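# Observations on chain architecture
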Amino acid sequence: MTTETPVYGWDQAVFRCGRCGAEHTTITEADYLTVVGAHRDAHAVWDRLNPIERSGLASILRTILSAPDLAVELLALADRQQPGVDGDGDGADR
């Protein structure tokens, strides 16, 4: 007769946001902490935006997240831009 030692821990955890109802399932404690932190930070940013900024940000994110190559190129473009230069070639800074 063999006796098995019980294993304590978890195989998954579900995070449910009380503010917006979002649910995320994770399989490690580290992932859970990452998800909770990112979700908390998202609420903090969203709360600081007005309705027009929220709409614009959502539109931009939908465009960028649907095209990862675009995101890479936009970041590269941003990194190449010099402060005070608008980048359209007309010489006028706005």
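Scroll up for the structure.
Since the structure is predicted, the reported quantities are computational estimates derived from the model, not experimental observations. (Residues numbered from 1 in each chain as written. Predicted model: local features only at pLDDT ≥ 70, side-chain atom pairs only at ≥ 80, totals over all residues. Heavy atoms only, no water.)

## Quick notes on the packing of helix H2 (residues 51-65) against helix H3 (residues 68-80)
Note the threshold: Only the stretch in contact is used when fitting a helix axis, every axis being a line fitted to C-alpha atoms; angles between N-to-C directions are given from 0 to 180 degrees. For helices the rule is a DSSP run of H or I covering at least 4 residues; for strands it is a run of E covering at least 2, with both sets numbered from the N terminus onward. With respect to orientation, any angle under 35 degrees is reported as roughly parallel, any angle over 145 as roughly antiparallel, any angle of 65 to 115 as roughly perpendicular, and every other angle as oblique. Between two residues, a contact is recorded if the distance between any of their heavy atoms is within 4.5 Å. All residues other than Ala, Val, Leu, Ile, Met, Phe, Trp, Tyr, Cys, Pro, Asp, Glu, Lys and Arg, Gly among them, are scored as polar; the first ten of these are nonpolar and the last four charged.
Between H2 and H3, the least distance of the axes is 6 Å, while the angle of their chain directions is 110 degrees. The angle between H2 and H3 places the two elements in the roughly perpendicular class. Of the residues in H3, those touching H2 at Thr-63, Ile-64 and Leu-65 are Pro-68, Leu-70, Ala-71 and Leu-74. Each residue belonging to the contact of H2 with H3 can be placed in one class, and the counts come to six nonpolar, one polar and no charged.

## Quick word on the pairing of strand S1 (residues 13-16)
Heads up, the rule is: Relative accessibility decides the category of a residue: with a 1.4 Å probe and only protein chains considered, values under 20% of the type maximum give buried, values over 50% give exposed, and everything between is partly exposed. Strand pairing follows a simple DSSP-based rule, namely that at least 2 bridges must link the two strands.
Only one face of S1 is buried: it carries Ala-13 and Phe-15, and the other face, with Val-14 and Arg-16, is open. Relative to strand S2 (residues 23-26), S1 is paired through four bridges, and the arrangement is antiparallel. Bridging from a neighbouring strand, Ala-13 pairs with Thr-26 of S2.

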